[in-house]
Amino acid sequence: MRRRLFKNLFTAPCTEPVTEGAATLEVAGAQLRGVIARSLGRSLAIREVDAGSCNACELEIHALSNAFYDVERFGIRFVASPRHADLLLVTGPVTLNMREALERTYAATPAPKWVVAVGDCGGGCGVFADSYACVGAVSKVIPVDLVIRGCPPTPTDLLQGLLELLSGGAALGVNTRHS
Amino acid sequence: MSVYSSLSACLGLIALWGLIGLVGLLRPMSVGFVGRTLFPLGALCGAALAVVAAVSLASPPEQLTLAVGLPDLPMHVRRDALTSLFLFLLGAASAGISVFAAGYFRRGHGTAPGLLCLQYHMFLASMGFVLLANDAYAFMVAWETMALSSYFLVTTQHGLAEIRRAGFLYLLIAHVGAIAILLSFGVMQGGSWQFTFDAMRGAHLAPQWAATAFLLALFGFGAKAGLVPLHVWLPEAHPAAPSPVSALMSGVMLKTAVYGMLRVTFDLLGHAQWWWGLVPLTFGLFSALYGVVFAAAQTDMKRLLAYSSIENMGIIFTGLGLAIVFLGVGMPSLGALALIALLYHSLNHAFMKSLLFLGTGAVLHSTGERNLGRLGGLIHRMPWVAWLTLIGALAMAGLPPLNGFVSEWLLLQAFLFSNEVPRPFINMLLPLGAALVALAAALAAYVMVKFYGVIFLGQPREASLNRAQDAGVLERIGLIWLALSCFALGLLPTYVIGALRSVVEQLSGAELPSAHAPWWLLVPLPERRASYSPLVFFLAIAAVVVVTMFAVRLFYHRRVRRAPPWDCGFGGLNSRMQDSAEGFGQPIRHIFGPFFAMKRELPSPFDHAPRYRVTAGDRIWLALYLPLGTLVRRVADTVMWLQQGRISTYLLYSFVTLVVLLALVV
Amino acid sequence: MLKALFADLSAAPTHRPWPRFAVGAEGWRGIGEALREGKLDLVGLWGDVDAVHCALYEPATQNVASASIEVRAGKAPSLAVFHAPASRLERAISDLFGIEFVGLPDPRPWIDHGRWPLHTPLAELPRPHAPLPPYRFLEAEGPSLHQIPVGPVHAGIIEPGHFRFTASGETIVRLEERLGYTHKGIEKLLDDKSIDEAARVAARVSGDSTVAYSFLFARAVEAALEFHPPARAVWLRAVMAELERIANHLGDIGAICNDAAFSMMHAECAILREEVLRACAVAFGHRLLMDRVVPGGVAADLEPVGAEAILSVTQRIRRQFPELIELYENTASLQDRTVGTGVVSAELAAQFAAPGYVGRASGRSFDVRLALPYAPYDVVPIQIAVRPEGDVDARVWVRIREMLHSIGWLEAALTSIPGGPLRLPVNAAAGASVEGSALVEGFRGDILGYVRIGPAGRIERCHLRDPSWFLWPLLEAAIEGNIVADFPLCNKSFNCSYSGHDL
């Protein structure tokens with residue numbers, strides 16, 4: 001392990017060199033930092049809730065933490081308890097079995113809080129929308145500030161979406177909530 | 001000499017105790033009379049005794065010969081600094097306990113209240129007399145009275161078989177110990193056939209006889225103190241007795257064994273060899289670890305405290321061993337330090353343990369439960385008991401600024417300099433003792449967290465706990481008295497040590513070097529630069545608390561929302577979902593597995609009604625006592641052969657004995 | 001054994017590719033006894049409006065067959081009496097179809113939490129909503145035990161499920177799971193859908209096995225319709241399946257080490273996984289390859305650019321991964337956590353027909369690609385790795401070896417992909433009901449698919465059985481006796497799917 005760590009000291013970091021797509025990411029990242037600093041004055045703590053998704057959105061959310069996207073450099077981190085969270089990231093068409101848990105999670109998050117629904121399922125237009133076992137969009141259960149669409153949305157989409165939320169959400173007509 | 005002598009005053013107060021006990025027989029069934037009048041009177045006597053003893057700590061020793069006893073064998077009494085100290089301990093601790101007992105004993109306890117009053121006060125009086133005795137006869141009479149009266153107290157609820165059994169075990173080991181003490185006195189008289197302590201002080205014993213006397217005394221007093229492997233009676237007798245009695249036994253009676261050991265080693269035997277100290281040191285360390293590890297595995301709150309007593313007595317005997325070593329190799333100031341540490345710890349333990357036992361008594365009375373697995377959340381229903389017991393728990397855990405920390409710190413200070421002992425292997429091994437003491441202290445903190453957390457914090461584990469009542473006025477006063485003592489002993493160590501100096505000087509002739517430090521700073525050995533200021537600690541903690549409260553009030557937006565605890569979203573939290581007492585102790589049980597004799601019953605993965613049971617037993621009981629018991633039974637069975645059951649055989653025995661005696665005499 | 005059981009019966013003519021026999025109560029009992037004796041493996045058990053079907057595999061002869069029994073008056077005999085792994089499957093069928101299994105030892109509902117607007121949604125006449133009694137967890141008796149409830153919302157970024165631990169201090173005495181939180185009503189959704197619509201739903205049963213599920217659905221439909229996809233599509237499907245396997249194994253190995261608090265391995269593996277996903281995006285246009293395998297062929301072609309991207313990734317892995325393996329092996333604290341933890345005995349693995357790397361790490365050498373090879377694995381066979389220990393370390397090693405074998409296979413396969421069309425139109429309206437089944441090796445294990453297509457070409461019944469149905473009960477057995485802190489490690493080493501378990 002020491003040998004590997006030593007070698008890594010002299011290797012270039014994976015975090016991406018600036019190409020077309022990455023430029024958007026980098027700019028988004030820097031903007032994100034500024035906005036969070038203005039709005040929250042500290043890093044953004046995200047609690048992810050799977051309300052019945054197929055796990056593809058979770059895989060892409062996991063990817064946000066790898067060395068290429070490295071969300072932590074922008075001040076964003078994932079936390080274990082909704083009590084520590086500023087933002088709830090909800091995936092999946094809310095299944096009726098998960099509805100109460102989602103509501104409890106929302107109630108347990110202290111204000112100010114935001115909710116981002118991820119994926120087509122979270123936005124209510126996924127393939128599961130008409131099922132007897134699903135509520136549909138996350139917004140039918142808890143108030144949602146932003147929807148990031150995709151099946152699943154790529155990590156870049158996720159980051160850009162988070163930025164739009166925190167800069168005032170022009171794209172999808174949201175209002176930031178201080179309940 | 002003026003008319004007043006502190007010795008007479010002490011004797012008078014002790015006699016008053018006896019009188020109070022006898023008065024209780026006048027109205028044996030009246031709880032009100034016994035509880036409202038007699039016990040508080042006894043408490044006052046105790047307080048008075050404490051005052052007299054404290055005042056007379058620095059006075060020169062006094063002696064007296066009493067007219068009681070057998071015709072040619074009067075009883076001698078003596079009061080010196082050591083006696084005064086332990087009389088103070090007895091008086092002060094028993095005052096608080098008696099007040100609590102006044103509110104505690106109620107009808108339907110098994111023994112009639114008047115009889116209980118007699119037994120209780122005879123117990124107190126006999127302990128006082130043990131401390132004052134100046135010859136072997138008086139000592140043994142008082143010792144046996146102490147054992148007997150406490151036996152009756154232990155078996156108050158004699159209707160239950162397990163309590164009778166506990167009492168029997170207690171009496172058995174007490175007697176085995178008493179025989180050893182008697183034998184030790186027998187060796188110490190050194191041929192003069194005079195059993196007064198003065199004669200023993202003057203006798204010059206050959207080294208091996210002195211060693212024998214020491215070891216016998218260690219055996220006897222160790223049995224009373226609960227040193228491993230003679231500890232098996234403690235975890236049975238203390239839980240079986242009613243709580244004030246447990247407090248007295250644990251807090252005060254065990255200290256009489258310490259007193260006896262100190263008297264024999266430093267006073268009667270005079271010059272103690274350094275290597276004698278290794279024996280109490282080893283057994284003390286082992287007891288400390290054994291006691292605390294077992295305490296961590298208990299589910300009965302009083303058994304837990306009993307094992308904790310074993311641990312603390314182990315620490316005290318460790319201090320004793322260390323003191324003997326230091327004094328024997330010619331390091332008087334360190335020896336004095338060790339002596340002060342052990343005396344201080346005796347004082348501390350008396351108050352801390354009594355407080356804890358009385359707390360459990362209050363809990364037991366209001367909930368009827370001794371089992372930790374059926375308690376919980378009592379801080380809401382019984383706030384007085386909870387907060388006062390918290391002080392006891394913090395003190396027992398050895399946290400500054402309370403008293404437990406001071407004595408443990410002093411002991412560790414003494415240990416840390418033990419590498420200067422000029423003996424080849426010992427100076428390397430002794431510092432290991434410091435590690436073991438530190439381990440025992442850390443585990444003691446763990447045990448106290450378990451004790452306090454499972455009983456008072458969390459959610460009640462049984463529905464009936466919601467009807468628990470807080471303690472009554474008299475009980476509260478007793479608890480407050482003991483809690484305040486803990487604070488006083490913790491915050492003013494310099495005064496306490498000042499008082500202990502005279503004891504140490506008298507015992508060993510050694511002196512702690514006087515430190516030119518202010519009264520709020522404890523510096524035991526000035527040249528070593530270790531110091532401790534509990535008052536500063538206390539003030540710092542208080543300051544932080546006050547500042548935080550102020551800051552929060554000032555900057556807080558005051559928007560409060562109460563919500564249930566986060567439960568991962570499933571919404572069905574119940575009282576089973578908090579740690580159990582055994583669960584809390586399971587990691588310790590796992591690590592210290594070899595100490596326990598474990599019996600496990602484990603389920604398989606696909607059982608439909610899985611059962612899980614693990615019992616941790618005492619290995620020493622299985623390895624030592626059961627075989628011993630079997631051996632005794634076998635011997636008895638063999639000797640039974642003599643009991644033929646026929647008159648003619650017995651007449652034959654008498655005839656043969658007569659013939660043999662005639663042959664011997666003629 | 002199979003021959004013996006079904007000797008006198010004639011197979012249903014419309015079921016392909018293996019026979020499906022209709023049996024009576026006697027025959028069903030015979031199946032149960034064969035399962036109990038271990039002569040047959042239960043591969044799947046699912047319900048229908050008027051019947052219960054099961055799929056059986058005989059290890060001795062490497063043959064598969066399905067059997068069905070009619071439901072009379074809402075009742076059917078239970079297999080769970082003989083064979084414990086069938087228990088949850090039957091409970092789920094009961095919840096969905098309302099079929100009562102006579103003799104089922106555990107009658108509690110499994111997927112139905114009492115939250116749906118109706119009960120037994122797939123029955124002919126669903127029952128209206130009625131409140132259910134609270135779920136009774138099997139209690140372990142003992143004075144020292146306390147319960148630790150975890151979930152459904154877990155601390156990490158993971159799917160929801162409830163675990164009820166009964167622990168004594170740190171040691172877990174019993175674990176009971178309660179799943180069903182992500183039940184989306186997939187089987188009902190698939191009813192009366194066209195083939196293409198149903199393929200989109202099937203791809204989203206479990207997002208991390210989307211290729212395997214699409215592959216499975218396509219093969220089941222093609223078997224039912226006796227349709228042969230073009231050669232190029234067959235090869236490309238397998239390339240995508242292997243890419244998915246490699247990406248998932250890389251993610252898993254890192255995540256298991258992360259759960260033992262060794263995040264360096266996690267970071268390194270995440271880099272490699274990201275490179276694989278990016279290669280997939282370059283090659284086929286979607287990072288997770290969703291909707292790329294369709295009935296009739298594949299939806300995206302592999303250009304030379306894509307092939308190069310894949311090859312450069314595999315070479316990169318070949319260069320870097322040996323160091324990571326060495327890192328895993330030489331970190332003593334990590335080995336201390338993984339070796340000997342979460343042991344699944346070989347007997348249990350055999351009884352439950354443990355799929356995938358869990359089975360192979362406990363000595364069960366079953367892999368669909370070898371035992372019942374489908375194109376193109378019959379042309380270029382793949383190697384598998386089997387280990388006897390059954391602990392977390394063995395499961396990591398099986399993944400490591402499988403990944404390296406997949407890389408080798410990919411490199412060989414990429415040179416032999418024939419040209420030709422990507423996709424041929426599938427005419428599902430065959431004028432009669434047809435049934436098809438298929439088995440595919442996803443990265444977790446074997447996935448079973450059964451589909452019945454109606455005369456008009458719409459799905460009448462589709463059942464997709466995730467390997468997690470047999471893995472979840474094994475987790476309960478594996479965790480016993482371990483400490484609470486080892487649970488995330490064991491759980492991740494299994495990596496069962498919550499969503500695929502048709503939650």
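Residues numbered from 1 in each chain as written. Chains lettered and ligands numbered in written order. Predicted model: local features only at pLDDT ≥ 70, side-chain atom pairs only at ≥ 80, totals over all residues. Heavy atoms only, no water.

Trainee: What am I meant to see in the overall build of chain C here?
Mentor: Looking only at helices and strands, one finds 16 helices and 17 strands in chain C. Rg of the C-alpha trace for chain C: 22 Å, near the compact-globule value of 23 Å for 503 residues, within the 12% margin. Principal-axis analysis of the C-alpha atoms gives chain C an extent of 65 × 65 × 45 Å. Of all 503 residues assigned to chain C, the portion counted as buried reaches 66%. Long-range pairs, those at least 24 residues apart, make up 68% of the contacts in chain C between residues at least 6 apart in sequence. Entry remark: accessible area of chain C is about 16,200 Å², with carbon and sulfur atoms responsible for 54%. (Helix = DSSP H or I, 4+ residues; strand = E, 2+ residues; numbered from the N terminus. Rg over C-alpha atoms; globule rule 2.2 N^0.38 Å. Buried < 20%, exposed > 50% of the residue type's maximum accessible area, 1.4 Å probe, protein only. Contact = heavy atoms within 4.5 Å. Areas by Shrake-Rupley, 256 points an atom, 1.4 Å probe, with all protein chains shown as cover.)

Trainee: Would you explain the pattern of salt bridges in this entry?
Mentor: If the charged atoms of two oppositely charged side chains come close together, the side chains can form a pair. All names here are of chain C. All told, the structure shown has 58 salt bridges over all chains when counted by the stated rule. Salt-bridge contacts for Asp 291 lead to Arg 200; the nearest nitrogen and oxygen are separated by 3.2 Å. In this pair, Asp 291 is assigned in the loop between helix 8 (263–284) and strand 13 (293–294) and Arg 200 in helix 5 (residues 195–203), connecting sequence segments 91 residues apart. Looking at Arg 200, the relative accessible area reads 40%, which means it is partly exposed. Linking Asp 367 and Arg 369 is a salt bridge whose minimum nitrogen-to-oxygen distance equals 2.8 Å. Overall, Asp 367 belongs to the buried group, its relative accessible area being 1%. Judged by relative accessible area, which is 1%, Arg 369 ranks as buried. (Salt bridge = Lys/Arg side-chain N within 4 Å of Asp/Glu carboxyl O.)

Trainee: Looking at this structure, how should I read the packing of aromatic side chains?
Mentor: Given two aromatic rings, one states the distance between the centres and the angle between the planes to describe the pair. Applying the stated criterion across every chain yields a total of 43 aromatic pairs over all chains. A centroid spacing of 4.6 Å and a plane angle of 40 degrees characterise the contact between Phe 294 of chain B and Phe 596 of chain B, whose relative ring orientation is tilted. With Phe 294 of chain B in helix 11 (residues 278–296) and Phe 596 of chain B in strand 3 (residues 596–601), the pair connects residues that are 302 residues apart, well separated along the chain. Assessed through its relative accessible area of 1%, Phe 294 of chain B is described here as buried. Over the aromatic face of Phe 128 of chain A sits the side chain of Lys 184 of chain C, whose NZ or CZ is 5.2 Å from the ring centroid. (Phe/Tyr/Trp six-rings, centres within 6.5 Å; stacked < 30°, edge-to-face > 60°. Lys NZ or Arg CZ within 6 Å of the ring centre and 35° of its normal.)

Trainee: Where do I start with the interface of chain B and chain A in this structure?
Mentor: One frequent convention defines the size of an interface as the accessible area lost when the parts assemble. Contacts between chain B and chain A engage nine residues on the former and 11 residues on the latter. When chain B packs against chain A, the two sides together hide about 650 Å² of surface, and 47% of this comes from carbon and sulfur. Looking only at chain B, the three residues that lose the most surface to chain A are Arg 561, Trp 566 and Gly 569 of chain B, adding up to 73% of its buried area. Between Arg 104 of chain A and Asp 567 of chain B there is a salt bridge, with its nearest N and O atoms 3.8 Å apart. For the interface between chain B and chain A, the tally reads three residue pairs in polar contact (both at pLDDT 80 or more). (Buried area = accessible area lost by both parts, 1.4 Å probe. Polar contact = N/O pair within 3.5 Å; in protein donor to acceptor, adjacent residues only side chain to side chain.)

Trainee: Before we go on, may I ask you to explain the pairing of strand 5 (residues 63–70) of chain C in this structure?
Mentor: The side chains of a regular strand alternate, residue by residue, between the two faces of the sheet. Residue and element names in this part refer to chain C. Counting buried positions along strand 5 yields six of eight residues, so the element is predominantly enclosed. Sheet analysis places strand 4 (residues 51–58) next to strand 5, joined by eight bridges and oriented antiparallel. Within strand 5, the position partnered with Cys 54 by the bridge is Ala 67. Here strand 4 folds back onto strand 5 in antiparallel fashion, the turn holding four residues, of which Gln 62 has a positive phi close to 55 degrees. (Pairing = 2+ DSSP bridges.)

Trainee: Before we go on, may I ask you to explain the sheet that holds strand 16 (residues 446–453) of chain C in this structure?
Mentor: In sheet architecture, strand pairing relies on hydrogen bonds along the backbone and comes in two forms, parallel and antiparallel. Residues and elements named next belong to chain C. Pairing is mixed across the open sheet formed by four strands, whose spatial order is 1-15-16-17. One side of each edge strand has no neighbouring strand; the edge strands of this open sheet are strand 1 (15–16) and strand 17 (459–465). Bridge count for strand 1 against strand 15 (residues 434–441) is two bridges, and the pairing is parallel. Looking at the pairing, His 15 lines up with Glu 435 of strand 15. This element, helix 6 (residues 210–224), spans strand 1, strand 15, strand 16 and strand 17 of the sheet and lies at about 145 degrees to strand 15. (Axes fitted to C-alpha atoms, helices over the stretch in contact; angles between N-to-C directions.)

Trainee: Teacher, can you tell me more about the sheet that holds strand 4 of chain C here?
Mentor: Residues and elements named next belong to chain C. Taken together, the four strands give an open sheet; going across it, the order is 2-5-4-3, and neighbouring strands pair in mixed fashion. Both edges of this open sheet fall to strand 2 (20–23) and strand 3 (41–47), since each of them pairs with a single strand only. The sheet shows a mean angle of 25 degrees between the axes of neighbouring strands, direction not considered. Helix-sheet contacts for helix 2 (residues 25–37) involve strand 2, strand 3, strand 4 and strand 5, and the interaxial angle to strand 4 is about 40 degrees. Each of strand 3 and strand 4 touches helix 3 (residues 86–97); the most contacted strand, strand 3, lies at about 10 degrees to it.

Trainee: Sorry, what's going on with empty space enclosed by the protein here?
Mentor: Where empty space is left can be seen by rolling a probe of water-molecule size over the atoms. Residues and elements named next belong to chain C. Scanning the entire structure with this criterion turns up 12 cavities of 30 Å³ or more. In this model, the largest cavity occupies a volume close to 110 Å³. Lining the largest cavity are 15 residues; nearest its centre among them are Ala 92, Leu 96, Glu 187, His 463 and Trp 469. Among the elements of the structure, strand 3, helix 3 and strand 17 are those that each provide at least two residues to the lining of the largest cavity. For the lining of the largest cavity, the per-class residue count stands at 10 nonpolar, two polar and three charged. (1 Å grid on protein atoms, 1.4 Å probe; cavity = no way out; pocket = protein on both sides within 12 Å on 5 of 7 lines; lining within 4 Å. Points joined across faces, edges and corners; volume = space filled by probe spheres on them. Nonpolar A, V, L, I, M, F, W, Y, C, P; charged D, E, K, R; others polar.)

Trainee: Looking at this structure, I do not really get the confidence of the model for chain C. What am I missing?
Mentor: Close inspection of predicted coordinates is inappropriate for parts of the model with low pLDDT. Mean pLDDT over chain C works out to 91, with 100% of the residues at or above the 70 mark. Predicted complex, confidence summary: ipTM 0.91, pTM 0.85. (pLDDT = per-residue confidence, 0-100.)

Trainee: What is the right way to look at helix 22 (residues 619–639) of chain B in this model?
Mentor: Side chains that are three or four residues apart share a direction in an α-helix, a result of its 3.6 residues per turn. For helix 22 of chain B, built from 21 residues, the straight-helix expectation of 30 Å at 1.5 Å per residue is met to within 8% by its first-to-last C-alpha distance of 30 Å. Residue Tyr 625 of chain B marks the point of greatest curvature in helix 22 of chain B, where the axis turns by about 30 degrees; the proline Pro 627 of chain B follows within four residues. (Expected span 1.5 Å × (residues − 1). Bend = angle between axes of the 7 residues up to and from the residue.)

Trainee: Which parts of the structure should I look at to understand the environment of Met 265 of chain C?
Mentor: Residues and elements named next belong to chain C. Along the chain, Met 265 turns up in helix 8. Relative accessible area serves as the criterion here: at 1%, Met 265 is assigned to the buried category. C-alpha of Met 265 to C-alpha of Ile 325: the two residues are 60 residues apart in sequence and 9.4 Å apart in space.

Trainee: How should the interface of chain C and chain A be read in this particular structure?
Mentor: Counting from both sides, the interface comprises 54 residues of chain C and, opposite them, 47 residues of chain A. Both sides of the chain C and chain A interface together cover about 4,100 Å² of buried area, and 61% of this is carbon and sulfur. The three residues of chain C that bury the most area against chain A are Arg 115, Ile 157 and Lys 184 of chain C, which together make up 18% of that side's buried surface. For the pair chain C and chain A, the number of links is six salt bridges.

Trainee: Quick question: what am I supposed to make of the nonpolar core here?
Mentor: One broad trend across soluble globular proteins is that nonpolar side chains are buried collectively. Membership of the largest hydrophobic core comes to 215 residues, with the highest contact counts inside it found for Phe 86, Phe 139, Phe 185, Trp 233, Leu 262, Leu 410 and Met 448 of chain B. Broken down by element, the residue count for this core peaks at 21 residues, all from helix 13 (residues 332–367) of chain B. Not counting residues up to four positions away in its chain, the partners in contact with Met 448 of chain B are Leu 304, Leu 305, Ser 308, Leu 356, Ala 393, Met 396, Ala 397 and Gly 453 of chain B. If you look at the next biggest cluster of nonpolar residues, it comprises 193 residues, including Ala 67, Val 298, Leu 334 and Phe 494 of chain C. (Core = buried A, V, L, I, M, F, W, Y, C linked by side-chain atoms within 4.5 Å.)

Trainee: Teacher, can you tell me more about the confidence of the model for chain A here?
Mentor: Residues and elements named next belong to chain A. Scored by pLDDT, chain A comes out at a mean of 77, with 75% of its residues at no less than 70. Here helix 2 (residues 20–39) stands out as the least confident element of chain A, with mean pLDDT 46; helix 3 (residues 56–63) is the most confident, with 94. Within the model, the stretch residues 17–30 combines pLDDT values under 50 with 14 contacts to residues more than four positions away or in other chains. Under a pLDDT of 50 for its full length, residues 169–179 has, in the predicted model, 21 contacts with residues more than four places off or in other chains.

Trainee: Looking at this model, I keep getting lost on the environment of Ile 315 of chain B. Mind explaining?
Mentor: Residues and elements named next belong to chain B. Looking at the secondary structure, you find Ile 315 in helix 12 (residues 301–328). Put simply, Ile 315 and Val 325 are 10 residues apart on the chain and 15 Å apart in space, counted from C-alpha to C-alpha. If we ignore the near neighbours within four places in the chain, the residues touching Ile 315 are Gly 284, Ala 288, His 345, Glu 408 and Leu 411.

Trainee: I would appreciate a short explanation of the side chain of Gln 189 of chain B in the present structure.
Mentor: Mapped onto the secondary structure, Gln 189 of chain B falls in the loop between helix 6 (161–188) and helix 7 (197–202). Within the structure, Gln 189 of chain B has its side chain in polar contact with the backbone oxygen of Gly 186 of chain B (distance 2.8 Å).

Trainee: Can you help me understand the side chain of Arg 461 of chain C in this one?
Mentor: All names here are of chain C. Mapped onto the fold, Arg 461 is located in strand 17. Classification of Arg 461 by relative accessible area gives buried; the value is 3%. At 3.0 Å, the side chain of Arg 461 and the side chain of Glu 187 are in polar contact. Once you skip the residues sitting within four places of it in the chain, Arg 461 turns out to touch Trp 46, Gly 47, Asp 48, Phe 97, Leu 122, Glu 187, Asp 191, Tyr 450, Val 451 and Arg 452.

Trainee: What should I look at first to understand helix 15 (residues 468–479) of chain C in this one?
Mentor: Residue and element names in this part refer to chain C. The end-to-end C-alpha separation of helix 15 is 16 Å, in line with the 16 Å expected for 12 residues at 1.5 Å each. Regarding helix 15, the residues found buried are Ser 468, Trp 469, Phe 470, Leu 471, Trp 472, Pro 473, Leu 474, Leu 475, Glu 476, Ala 477, Ala 478 and Ile 479. Looking one or two places after helix 15, you find Gly 481, whose phi comes out positive at around 85 degrees.

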